[in-house]
Amino acid sequence: MSESTPQGYSLSKLYTGNGAQRYHELSLHDSSEIPSILELLSQIHDPTLAGMRVLELASGSGRVTLPIAAAGHRVLATDLSEDMLSILRQRISDRAARRAGLDERIEVRQADMTAFTTDERFKAVCIPTVSITLLAPSQQRHTLERATACLAPGGTFLVSTEHIVAREPMTHSIQLRRDVEFVETINPTAGTWRTILRWGDETYTTDLYLTPPSWLTAELNKLGLTVFFQHSVPHPGLPGRSNVLLGAVAPSHPLSAREMRP
């Protein structure tokens, strides 16, 4: 894997074509960071932020998008994969979603999280589902800078990652169903993490980067944000693994580049 460029990343086959549907089916059973995301959004009481939307980067098929909208928030959901967004659009357009008003609260837009830019400011920006780990460290820094720049003063930034305890290379596997196997190989020396999903005759491989919560906290501090929340949910089937959600708040007035920590 290379981190030669800070912008752009290649989509795994798991997020395109038939793989997008497979990923969507698996994601329906994962609620890990959703309760904490909803809790933090409910705590945004600043009246100057009340009319603003939530920006979600790497929304996928709406695993987190729909619960946020169901809680009453307006959401701009973005993702690089048009196939994943197609599933999200279908979910928004079904009868139950329309009856709940979700179609009026969610805007769907194709966008690369490493290059997203807008003049709009948001009460919260969210990168859920450990999507930050798809990016090399230099891309992660660049993306965090762009994402947090979209926050209104006093807005909340939410990002999830995996905390993986590993001192030497290791491999784990889980039989999700009779014909569905999940395998992950962790290489702590290289700072990489590979997952393989075998679904019948189909195989989907995704390369990721180990991204400790402590590293994310340090990077957000450099950008002038204050991390005030960290919640971990142990993985039920994988030892030494936890999903971690970080919550950070932007300063109530924009910082100049000189004020940010080096």
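Residues numbered from 1 in each chain as written. Predicted model: local features only at pLDDT ≥ 70, side-chain atom pairs only at ≥ 80, totals over all residues. Heavy atoms only, no water.

1. Digging into helix H7 (residues 137–149)
Put simply, the rule reads: Secondary structure is summarised from DSSP: a helix means a run of H or I of at least four residues, a strand means a run of E of at least two, and numbering begins at the N terminus for each. A helix is expected to span 1.5 Å for every residue after the first. For the exposure calls, accessible area comes from a 1.4 Å probe over protein chains only, and a residue counts as buried if that area is under 20% of its type's maximum, exposed if over 50%, partly exposed in between. Note on contacts: a residue pair is in contact if any heavy atoms of the two residues lie within 4.5 Å.
Between its first and last C-alpha atoms H7 spans 18 Å; for 13 residues at 1.5 Å apiece the expected length is 18 Å, and the two agree. Along H7, the positions that sit buried rather than exposed are Gln139, Gln140, His142, Thr143, Leu144, Ala147 and Thr148. Those residues of H7 that are buried are in contact with strand E1 (54–57), strand E4 (122–127), strand E5 (151–164), strand E9 (202–209) and helix H8 (213–222).

2. Brief notes about the pairing of strand E7 (residues 180–187)
What counts, and what does not: Any two strands between which DSSP finds at least two bridges are classified as paired.
By the bridge criterion, 7 bridges tie strand E6 (residues 170–177) to E7 in an arrangement that is antiparallel. Considered in E7, the bridge of isoleucine 174 is made with phenylalanine 182. The turn linking E6 back onto E7 is made up of 2 residues. Bridge analysis of E7 against strand E8 (residues 192–199) gives 8 bridges, and the strand direction is antiparallel. From the neighbouring strand, isoleucine 186 faces E8, where its bridge partner is tryptophan 193.

3. Considering the environment of threonine 192
Mapped onto the elements of the fold, threonine 192 is located in strand E8. On the basis of relative accessible area, threonine 192 is assigned to the buried category, the value being 19%. Separated by 17 residues in the primary sequence, threonine 192 and tyrosine 209 place their C-alpha atoms 4.4 Å from one another.

4. Topic: the nonpolar core
Generally speaking, a soluble globular protein has its nonpolar side chains buried in company with each other. Here is the rule we go by: By convention a nonpolar core is built from buried Ala, Val, Leu, Ile, Met, Phe, Trp, Tyr and Cys residues, the set being connected through side-chain atoms within 4.5 Å.
Membership of the largest hydrophobic core comes to 44 residues, with the highest contact counts inside it found for Val125 and Phe157. If one sorts the elements of this core by residue count, E5 sits on top with 4 residues. Residues contacting valine 125, with those up to four places away along its chain left out, are Leu55, Leu57, Ala147, Cys150, Leu151, Thr156, Phe157 and Leu158. Counting residues in hydrophobic clusters, the runner-up holds 26 residues, among them Val54, Val64, Leu88 and Phe229.

5. Quick look at the packing of aromatic side chains
The condition that has to hold: We call Phe, Tyr and Trp rings a pair once their centres come within 6.5 Å, taking the six-membered ring for Trp, and we label the pair stacked below 30 degrees between planes, edge-to-face above 60, and tilted otherwise.
A full pass over the atoms with the stated rule returns 1 aromatic pair. Between tyrosine 15 and tyrosine 23, the aromatic rings sit 5.1 Å apart at their centres with planes inclined by 80 degrees, giving edge-to-face as the arrangement.

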